[in-house]
Amino acid sequence: DAKTTQPNSMESNEEEPVHLPCNHSTISGTDYIHWYRQLPSQGPEYVIHGLTSNVNNRMASLAIAEDRKSSTLILHRATLRDAAVYYCILRGAGGSNYKLTFGKGTLLTVNP
Amino acid sequence: DGGITQSPKYLFRKEGQNVTLSCEQNLNHDAMYWYRQDPGQGLRLIYYSQIVNDFQKGDIAEGYSVSREKKESFPLTVTSAQKNPTAFYLCASTPQKGQASAFFGQGTRLTVV
């Protein structure tokens, strides 16, 4: 499985932008980059995904490096409700293997 | 509303007893997954299934068993062979396409005493 590497923890202040990095140097050409977040005692929820181009949705933006070996999840104005563990994972677009694995993620703390 | 449901939310069992955790989805997703999460840790894959009547071991399958008799259901049995069963268990489902997002249940917190 292609692996991702994320910092264990990050800290931000409320209403400031947050940039959460993810390294995936062994990414293949057909792997999509997905981000999920998990609030305490809940199941993870989907945040955003992309393949090559930067992506925006109502929750966040995803910036993908030109060589695709890294990406950054951007929360434009952090709120206290954004405090969560953020997971960056890779998912193949085809083939027969649908194994879905998560690392430890980044624990984001948002200070008021 | 479409979604994925895990039950119960909290479960207590005595050591040495088998226990089955329920996971049901009405999203018509082909693939379903079970994960275990320990305090302060990430998600570890136990088993996954891509189609009915077929499933594969994940990274920590020992002491667990699953079945996939129906597309919408993927129950997980925690057997007495699992040495440290107390944990938070999460079920997920996805359509077959890799670019599609996964949906998670709200989890079952199992405590074995």
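Scroll up for the structure.
Only a predicted model underlies this, so the values are computations on that prediction, with no experimental measurement involved. (Residues numbered from 1 in each chain as written. Chains lettered and ligands numbered in written order. Predicted model: local features only at pLDDT ≥ 70, side-chain atom pairs only at ≥ 80, totals over all residues. Heavy atoms only, no water.)

1. So, the overall build of chain B
- For chain B, the helix and strand inventory stands at zero helices and eleven strands.
- Seen in sequence order, chain B has helices and strands lined up from the N terminus as β-β-β-β-β-β-β-β-β-β-β.
- For 113 residues, the compact-globule estimate of 2.2 N^0.38 gives 13 Å, and chain B sits close to it at 13 Å.
- For the C-alpha atoms alone, the extent of chain B along its principal axes is close to 40 × 25 × 25 Å.
- Buried positions account for 49% of the 113 residues belonging to chain B.
- Put simply, 51% of the contacts in chain B that link residues at least 6 apart link residues at least 24 apart.
- Summed over its atoms, the accessible surface of chain B is roughly 5500 Å², and 47% of this surface lies on carbon and sulfur atoms. (Helix = DSSP H or I, 4+ residues; strand = E, 2+ residues; numbered from the N terminus. Rg over C-alpha atoms; globule rule 2.2 N^0.38 Å. Buried < 20%, exposed > 50% of the residue type's maximum accessible area, 1.4 Å probe, protein only. Contact = heavy atoms within 4.5 Å. Areas by Shrake-Rupley, 256 points an atom, 1.4 Å probe, with all protein chains shown as cover.)

2. Examining the sheet that holds strand 1 (residues 4-7) of chain B
Residue and element names in this part refer to chain B.
- Read from one edge of the open sheet, four strands run 1-3-8-7, paired in antiparallel fashion. Each edge of the sheet is formed by a strand with only one pairing partner; in this case those strands are strand 1 and strand 7 (64-66). Adjacent strand axes in the sheet meet at a mean angle of 20 degrees when their direction is disregarded.
- Bridge count between strand 7 and strand 8 (residues 76-78): three bridges; the pairing is antiparallel. Bridged to Tyr 64 within strand 8 is Val 78. (Pairing = 2+ DSSP bridges. Axes fitted to C-alpha atoms, helices over the stretch in contact; angles between N-to-C directions.)

3. Here we look at the side chain of Asp31(A)
Residue and element names in this part refer to chain A.
- In this structure, Asp 31 sits in strand 3 (residues 31-38).
- Put simply, Asp 31 is tucked away with no salt bridge, and the nearest opposite charge, on Arg 68, sits 5.8 Å away.
- Of note is the side chain of Asp 31, whose polar atom sits 3.1 Å from the backbone nitrogen of Ser 28. (Lys, Arg positive; Asp, Glu negative; His and termini not counted. Salt bridge = Lys/Arg side-chain N within 4 Å of Asp/Glu carboxyl O. Polar contact = N/O pair within 3.5 Å; in protein donor to acceptor, adjacent residues only side chain to side chain.)

4. Overview of the nonpolar core
- Ranked by internal contacts, the top residues of the largest apolar core, which has 20 residues, are Leu20(A), Ile33(A), Trp35(A), Leu73(A), Leu75(A), Tyr86(A) and Leu108(A).
- Residue assignment for this core shows that the elements contributing at least two residues are strand 2 (18-23), strand 3, strand 4 (45-50), strand 6 (61-64), strand 7 (70-75), strand 8 (84-92) and strand 9 (106-111) of chain A.
- Broken down by element, this core gets its largest block of residues, four residues, from strand 8 of chain A.
- Ranked by size, the runner-up nonpolar core spans 19 residues in total, among them Leu11(B), Val19(B), Trp34(B) and Ala61(B). (Core = buried A, V, L, I, M, F, W, Y, C linked by side-chain atoms within 4.5 Å.)

5. Focus: the sheet that holds strand 3 of chain A
Residue and element names in this part refer to chain A.
- Taken together, five strands build an open sheet; the order of strands is 1-9-8-3-4 and the sheet is mixed. The strands lining the two open edges of the sheet, one partner per strand, are strand 1 (9-13) and strand 4. Neighbouring strand axes in the sheet, compared pairwise and without regard to direction, differ in orientation by 25 degrees on average.

Any functional reading would require information that these geometric values do not contain.
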